[in-house]
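# Structure assessment
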Amino acid sequence: MSRKHLLDISMDAPDATTTAEQRAAKTRAMPLLGVARKERDPATKLTANIGNALREQNDRLGRAEEIERRLAEGRVVIELDASSIEPSFVQDRMQGDIDGLRASIREQGQQVPILVRPHPAQPARYQVAFGHRRLRAVSELGLPVRAVVRDLTDEQLVVAQGQENNEREDLTFIEKARFAHKLNKQFSRDIVIAAMSVDKSNLSKMIQLVDALPPELIDAIGPATGIGRPSWQQLAELLEKAPSSSDPVKFAASNEIQTLPSADRFKAVVDHLKPRRIARGLPDVMSTPNGDRLAQVTQSKSKVEITIDRKATPDFVAFVLERLPALYQEHRAKHQRKQGE
């Protein structure tokens, strides 16, 4: 199902009036252009790359505003009581900082209206299609919300919500992945792909990754701005291999970790789950102060083997085996005390 059929909007395609002769001339000019690029100064190339990146970012922002303009086209902007508006039935955002947005609205007013639909089950109430952060900021300021009201089906609402967020690029990877995961439970793959602007392969990877992560852990970490899919995939792999005693959810939710910014919370959890390296330099043979041999030690990257001669010290072997569970409990208690400090 296409976005045009869902939302009754279409973004204009680039001008296609270039003639065949013009395209051929451009192709013939490409080798010359390639030579010119090689001769450019590296500083000039860096400046050009930065300029291109900024133009691309501005273009995306412009397309997001164009989506909003077309969705609101022909509709009257009205003021609504913020308490009469509920979030979308599919959450796409995690709680984040809106200080800058709130200050901007306080000084300049709400410049861009939000898009809402009449609530499907509650008269005189509304649901947000997009503009959740604006709604939150205006609500905290105690102001009425400028909104466009439009009749939208569930499918149209989530596609509008996802399309606008994707163009603005202000959702983090894990927020997008969770949004896709929730949509996948309620809608067909065609609707989810239209809302997320991703192909089937990337959508499957998002869904599988969210399935592999405890939701409580994601909540405790937060949106983690700047943390992409490879890093979240690494976290999922560490979780799979981690011993049950590691309890990453409890670690991430601890007071000490919660004081960190979200991205730093993510990094702290990864460090917590990484296997601890055993210090190098252990002797090959462990002996008593008197020089009596106790055990042979063999090390590798993945394990340490301690071999005790049962014939030489049979009582010591039995003693070590008997005390080993208690030693482990002592180690675990010490580790938990450090976490609680």
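Each value, and the rule that gives it
Residues numbered from 1 in each chain as written. Predicted model: local features only at pLDDT ≥ 70, side-chain atom pairs only at ≥ 80, totals over all residues. Heavy atoms only, no water. Salt bridge = Lys/Arg side-chain N within 4 Å of Asp/Glu carboxyl O. Helix = DSSP H or I, 4+ residues; strand = E, 2+ residues; numbered from the N terminus. Buried < 20%, exposed > 50% of the residue type's maximum accessible area, 1.4 Å probe, protein only. Core = buried A, V, L, I, M, F, W, Y, C linked by side-chain atoms within 4.5 Å. Contact = heavy atoms within 4.5 Å. Axes fitted to C-alpha atoms, helices over the stretch in contact; angles between N-to-C directions. Parallel < 35°, antiparallel > 145°, perpendicular 65-115°, else oblique. Pairing = 2+ DSSP bridges. Polar contact = N/O pair within 3.5 Å; in protein donor to acceptor, adjacent residues only side chain to side chain.

### Things to note about the pattern of salt bridges
It is possible for side chains bearing opposite charge to pair when their charged atoms get close. Evaluation of the coordinates by the stated rule reveals five salt bridges. Among the salt bridges present, the one from Glu86 reaches Arg125, with a minimum N-O distance of 3.4 Å. A residue pair is termed long-range when its members are at least 10 positions apart, and Glu86 in strand β2 (residues 85-86) and Arg125 in the loop between β3 (114-118) and β4 (126-130) qualify at 39 residues. A relative accessible area of 23% means that Arg125 is categorised as partly exposed.

### Considering the nonpolar core
Ranked by size, the top nonpolar core spans 51 residues in total, and within it Leu183, Leu213, Trp232 and Leu235 carry the most contacts. Those residues in contact with Leu235 that sit more than four places away from it in its chain are Leu213, Leu217, Ile221, Phe266, Val269, Val270 and Leu273.

### Comments concerning the packing of helix α8 (residues 189-196) against helix α9 (residues 200-212)
Close contact between α8 and α9 brings their axes to 11 Å; oriented N to C, the two are set at 95 degrees. As judged from the angle between their axes, α8 and α9 are roughly perpendicular. On α9, the residues touching Arg189, Val192 and Ile193 of α8 are Lys200, Leu203, Ser204 and Ile207.

### Topic: the pairing of β3
Across the five residues of β3, four count as buried, placing the element largely inside the fold. Relative to strand β5 (residues 145-149), β3 runs parallel, the two being bridged by three bridges. Residue pairing in the sheet places Ile114 in a bridge with Ala147 of β5. Across four bridges, the pairing between β3 and β4 is antiparallel.

### Here we look at the sheet that holds strand β8 (residues 304-307)
Strand pairing in a sheet relies on backbone hydrogen bonds, with the paired strands running either antiparallel or parallel. The strand order across the open sheet built from three strands is β6-β7-β8, with neighbouring strands paired in antiparallel fashion. A strand with exactly one partner marks an edge of an open sheet, and here the two such strands are β6 (285-287) and β8. Averaged over all pairs of adjacent strands, the angle between strand axes in this sheet comes to 25 degrees, irrespective of strand direction. For β6 and strand β7 (residues 293-299), the ladder comprises three bridges, and the chain directions are antiparallel. Across the sheet, Val285 pairs through a bridge with Gln296, a residue of β7.

### Some thoughts on the side chain of Glu175
One can find Glu175 in helix α7 (residues 173-186). Note on Glu175: relative accessible area 5%, which makes it buried. In this structure the side chain of Glu175 is engaged in a polar contact, spanning 3.0 Å, whose partner is the backbone nitrogen of Thr172.

### Examining the environment of Val116
Mapped onto the elements, Val116 comes out in strand β3. Overall, Val116 belongs to the buried group, its relative accessible area being 0%. Sequence-wise, Val116 and Leu152 are 36 residues apart; in three dimensions their C-alpha atoms are separated by 8.6 Å. Excluding residues that lie within four positions of it along the chain, Val116 makes contacts with Leu80, Ile85, Tyr126, Gln127, Val128, Ala129, Ala147, Val148, Val149 and Arg150.

### Some details on helix α5 (residues 132-141)
His132, Arg134, Leu135, Ala137 and Val138 are the residues of α5 that are buried. Note on α5: the residue one or two positions beyond its end, Gly142, has a positive phi of about 75 degrees.

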